[in-house]
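A structural walkthrough
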Amino acid sequence: MIRLSTRLSQKKVLSSLIVDANGDNNMDIIVSAYSNTGYENPLLMLNDGNGEFTELEGAIALNNSNQQIKASPHMAMINANNDEYSDVILVNTNEDYTESEFHLLLGSDSGQFTDATTNISESIFTGWGEVIVADIDQDGFDDFILAQNPNGAQCEVTQTSKSGCFGGTIYLNDGTGLFSPTSIELFDDSNGAQYSASSLQFTDLASGGIVNSEIKEVWRVEAGDLNGDSIIDLVAPTFGERMIPSFINQSSAGNVSFRITYSDVPLSAGGGSALLDVNRDGFLDLVMSEAIYNGAVVADHDTQTTPVYIAVNDGNGNFTEANDLFEQGVAKVQHARAWIVADFDLDGNDDLFVADHGYDFPPFSGYQNLLLMNSASGLTNTTELALGIENTFTHGASVGDINNDGYPDLYLNNDLQLIETSSESASASPRLWLNNGDGTFTASSQEL
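These notes cover the structure that comes with them. Keep in mind it's a predicted model, so treat the numbers as computed, not measured.

A word on the overall build of the chain
Counting its regular elements, the chain contains 1 helix and 36 strands. With 448 residues in all, the chain has 59% of them scored as buried. The contacts in the chain between residues at least 6 apart in sequence include a share of 53% that link residues at least 24 apart. A total of about 16,900 Å² of accessible surface is found on the chain, and carbon and sulfur atoms cover 46% of it.

Written as structure tokens, this is what we have:
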């Protein structure tokens, strides 16, 4: 039986991370609550190896430069200083998401983390963001990318455009755990231009090749080897009928450079994206969706959805729409919040879990999460069989092998308090789901 201390049963979890926090080869859980819920710091629950957890008091204490910045909507594992312990980088933000600060937490054998945020140059930024961790300059050390940075109320995103939003700043690790933003050399295949920039940029091309003659900053970023050379490349799904830029990595230690190629895929990815090999040809494909945004006018918040798209990679980082690779018809979401790639049935092929909190407006009725298993004929929606049919308000998720059986388990950031506000709100669903070994899951009985 899985037991956790009562303090972990906070009702509103904003983000989570499954990580081996103390180097004992058992996966632990870090959770961060919503702001103004009485939790100033993320909580660490240590796993004894049998799926039994105890809270490690005071394991994480953030040194916030601004006391209004006290919620962590995103965190990721990183090996900052190349030692044997996992470190964590998180984004801490204020209540209205207009100002944020990176925090670097260095791990230890006790599970106690040291806040080493001073190791990040320019750690405070406007808006908020997510972090992508990868070795960008091929020097053997983890770097990170600010993957998206909507500037709070100044950032306007619609089905066809975006303004005031930017991302794509790359923070290089000097090999000792010190991070700083780096200049990026860009070679643009669309017009032959070569230039330096402080963040990832691309030429705004409309579907069909019409040049809008504007340089745009990226918003969302996905990282993976797009052309089979074992080097991490990047792709930046866009909004509206724009061509999607791929950034083919040509970097060397301390020097970051990319060649930009473009795919004429008129699909909007405001709701999220992921890279996985859908057609099993050895190259990472792109799966993405739009979202029904907060406050959008919808006919029926219980049923209105937006499709998930598949775009296959030709092996050079160029993508083509291929929605025929959904085995049971095109999958749909309302407002996806986390796209998690893992081999859930250990068949050697990556599958995809999408956390979906549904229409983000009262009564917050939630929506089904989405599990797409990778089969020989494409992606198969097994959500109902694997996780049930319940609508939940799942504000993100994390993945890892909790009970050491070799299979990836899921921790879902389900909101447990909404149902107290309205009978029409999302139900209080369990958070920890253990993999049965066949791609289906059983919910833990514990109130996590």
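Thoughts on the nonpolar core
Ile 136, Ile 170, Leu 186, Leu 200, Leu 234, Phe 247 and Phe 258 are the most contacted members of the largest nonpolar core, which has 24 residues in total. Looking at this core, the elements that each hand over two or more residues are strand E10 (130-134), strand E11 (143-148), strand E14 (169-173), strand E16 (184-188), strand E17 (194-197), strand E18 (201-205) and strand E23 (256-263). Among the elements that make up this core, the one with the highest residue count is E23 (4 residues). Beyond its immediate chain neighbours, meaning those up to four positions away, Phe 247 contacts Leu 186, Leu 200, Gln 201, Phe 202, Val 218, Asp 233, Leu 234, Ala 236, Phe 258, Arg 259 and Ile 260. Listed in part, the 19 residues of the second largest apolar core include Val 308, Ala 331, Trp 339 and Leu 372.

Regarding the sheet that holds E10
With antiparallel pairing, the 4 strands of this open sheet are ordered in space as E10-E11-E14-E15. Bordering the open sheet on either side are E10 and strand E15 (179-181), each of which pairs with just one other strand. Going across the sheet, the axis of each strand differs from the next one's by a mean of 25°, ignoring polarity. Pairing of E14 with E15 involves 3 bridges; the strand directions are antiparallel. Across the sheet, the residue bridging to Leu 172 is Ser 180, located in E15.

Basis of the calculations
Residues numbered from 1 in each chain as written. Predicted model: local features only at pLDDT ≥ 70, side-chain atom pairs only at ≥ 80, totals over all residues. Heavy atoms only, no water. Helix = DSSP H or I, 4+ residues; strand = E, 2+ residues; numbered from the N terminus. Buried < 20%, exposed > 50% of the residue type's maximum accessible area, 1.4 Å probe, protein only. Contact = heavy atoms within 4.5 Å. Areas by Shrake-Rupley, 256 points an atom, 1.4 Å probe, with all protein chains shown as cover. Core = buried A, V, L, I, M, F, W, Y, C linked by side-chain atoms within 4.5 Å. Pairing = 2+ DSSP bridges. Axes fitted to C-alpha atoms, helices over the stretch in contact; angles between N-to-C directions.

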